[in-house]
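Okay, here's what each chain looks like letter by letter:
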Amino acid sequence: MKRPEFDSYIKENDFSSLFNQLGWNNAESVNPVVIGVEEERFKLECVAQRNGFKVYVCEVEYIPLMSVIKCIDKRLRKSSNDYILIFISTSEKLHHEWIVPVKAIDKRILVPVEYTTTSQADFLYSK
């Protein structure tokens, strides 16, 4: 996939098509996973999957704090241990934060990749 095509998918928040172009399958279930943390509810929609690995998208007004993301991770692991969770901020035109759980030797680490412009998405494109 060429960079302009990648940037187009990112700008349009069309992650289903992006991952489909990368060889991922469409999500089996169309029912979103709803997770409540404190007073907030997060609706996570599975947009792609491959070999048990799932990609979820969650539209939020503002990207949640890492403490909230850790609570979401704890609950999401019950149904999807391997995943990418993409938060899309609705209050800003292009503000995403991708959360990728990584298994370390003695613990699980949540790696955030945040960007507000397609030029900041170099890391994602390279992966």
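What counts and how
- Here the residue index of a chain counts from 1 through its sequence in written order.
- At least 70 in pLDDT is required for a residue's local features to be given in this predicted model, at least 80 for side-chain atom pairs to be given and counted, and no such filter applies to totals for whole chains, interfaces and linings, which use all residues.
- Hydrogens and water molecules were not included; the side-chain quantities draw on all heavy atoms of the structure.
- Ring pairs shown here join Phe, Tyr and Trp side chains whose ring centres sit within 6.5 Å, with only the six-membered ring taken for Trp; geometry is labelled stacked below 30 degrees between planes, edge-to-face above 60, and tilted in between.
- Only runs of H or I of at least four residues qualify as helices and only runs of E of at least two qualify as strands under DSSP, and these elements are numbered from the N terminus.
- Buried, partly exposed and exposed residues are distinguished by accessible area as a fraction of the type maximum, computed with a 1.4 Å probe on protein chains only: under 20%, between the cut-offs, and over 50%, respectively.
- Only buried Ala, Val, Leu, Ile, Met, Phe, Trp, Tyr and Cys residues count toward a nonpolar core, and they belong to the same one when joined by side-chain atoms within 4.5 Å.
- Any pair of residues with heavy atoms lying within 4.5 Å of one another is described as a contacting pair.
- The rule for a salt bridge is simple: a side-chain nitrogen of Lys or Arg has to be within 4 Å of a carboxyl oxygen of Asp or Glu.
- Strand pairing is assigned whenever DSSP detects at least two bridges linking the two strands.
- For helices, the fitted line uses only the C-alpha atoms of the stretch in contact; every axis is such a line through C-alpha atoms, and the angle between N-to-C directions lies from 0 to 180 degrees.

**Some details on the packing of aromatic side chains**
Item 1. Counted according to the given criterion, the structure contains 6 aromatic pairs.
Item 2. Aromatic pair Phe15 and Trp98: ring centres 5.7 Å apart, planes at 80 degrees, arrangement edge-to-face. Highlighted residues: Phe15 in helix α2 (residues 15-21) and Trp98 in strand β5 (residues 96-103), separated in sequence by 83 residues. Here the two residues Phe15 and Trp98 agree in accessibility, since each one is buried.
Item 3. With a centroid separation of 6.0 Å and an interplanar angle of 35 degrees, the aromatic rings of Phe19 and Trp98 are classed as tilted.

**Topic: the nonpolar core**
Item 1. Counting 19 residues, the largest nonpolar core has Ile10, Phe15, Leu18, Phe19, Val55, Ile86 and Trp98 as the members making the most contacts within it.
Item 2. Once residues within four sequence positions are removed from consideration, Phe19 is found in contact with Trp24, Ala48, Val55, Ile84, Ile86 and Trp98.
Item 3. Judged by nonpolar contacts, the second largest core, of 18 residues, contains Leu44, Val60, Val68 and Leu76.

**Let's talk about the pattern of salt bridges**
Item 1. In total, this model carries 5 salt bridges according to the counting rule given.
Item 2. One salt bridge in this structure joins Asp7 and Arg3, with 2.7 Å as the shortest N-O distance. Here the residue Asp7 and the residue Arg3 both occupy positions in helix α1 (residues 3-11), the gap between them amounting to 4 residues, near one helical turn.
Item 3. On the basis of relative accessible area, Asp7 is assigned to the buried category, the value being 14%.
Item 4. Between Lys103 and Asp82 there is a salt bridge, with the nearest N and O atoms lying 3.8 Å from each other. With a gap of 21 residues between them, Lys103 in strand β5 and Asp82 in the loop between α3 (66-76) and β4 (83-89) connect regions that are remote in the sequence.
Item 5. For Lys103, a relative accessible area of 56% puts it in the exposed group.
Item 6. Several salt bridges share partner residues, and in doing so they unite Asp73, Arg77 and Arg108 into one network.

**Overview of the sheet that holds β5**
The strands making up a sheet associate through hydrogen bonds between their backbones, and the pairing can be parallel or antiparallel.
Item 1. Overall, mixed pairing links the 6 strands, which are arranged β1-β2-β3-β4-β5-β6 in an open sheet. Of all the strands in the sheet, just β1 (33-37) and β6 (108-115) have a single pairing partner and so form its edges. Between one strand and the next, the sheet's axes are offset by a mean angle of 25 degrees, whatever the strand orientation.

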